[in-house]
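Commentary on secondary and tertiary structure
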Amino acid sequence: MNPEQQRIAIAKACGYTLSGGLEWWTNNDGVHDEPPDYLNDLNAMHEAEKVFLKMETLCFWETYSNRLTTSLGCLDIFHATATQRAEAFLRTIGKWEDDK
């Protein structure tokens, strides 16, 4: 997935929707020009990670943590970059698409 595809997939998982042809993104906080820069902003990824709290099982946290430390080579989840967190997030929720 390219960075823009990742950003849009995370935004949609976090409740953002694109309003018509107007190119406005909306969520519970209102209208935005664009979704957060998840791949470069740890604060934005922290907010995205809260999606796991809304899911019915805690296995998402374990899967997410394992992906960061084993698949993406992080020493621990605390030192993962925003880009690494974004990929692990999308893989964990089943939205990652490999490049063709």
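These lines cover the structure that appears in this document, whether it is placed above or below. (Residues numbered from 1 in each chain as written. Predicted model: local features only at pLDDT ≥ 70, side-chain atom pairs only at ≥ 80, totals over all residues. Heavy atoms only, no water.)

1. Examining the overall build of the chain
Within the chain, the regular secondary structure consists of five helices and three strands. Put simply, the chain runs from its N terminus to its C terminus through helices and strands in the order α-β-β-β-α-α-α-α. Over its C-alpha trace the chain gives a radius of gyration of 14 Å, about what one expects of a compact globule, namely 13 Å for 100 residues. When its C-alpha atoms are laid out on the principal axes, the chain stretches across 40 × 30 × 25 Å. The buried share of the chain, reckoned over its 100 residues, is 32%. Of the contacts formed within the chain by residues at least 6 apart in sequence, a portion of 50% connects residues at least 24 apart. (Helix = DSSP H or I, 4+ residues; strand = E, 2+ residues; numbered from the N terminus. Rg over C-alpha atoms; globule rule 2.2 N^0.38 Å. Buried < 20%, exposed > 50% of the residue type's maximum accessible area, 1.4 Å probe, protein only. Contact = heavy atoms within 4.5 Å.)

2. Points about the packing of aromatic side chains
Under the criterion given, the structure shown has five aromatic pairs. Between F52 and W61 the ring centres are 5.3 Å apart and the planes differ by 70°, which places this aromatic pair in the edge-to-face class. The interplanar angle of 45° and the centroid separation of 5.3 Å between the aromatic rings of F52 and F89 together place this pair among those described as tilted. Separated by 37 residues along the polypeptide, F52 in helix α3 (residues 51-54) and F89 in helix α5 (residues 82-92) bring together distant segments of the chain. By relative accessible area, F52 is classed as buried at 1%. (Phe/Tyr/Trp six-rings, centres within 6.5 Å; stacked < 30°, edge-to-face > 60°.)

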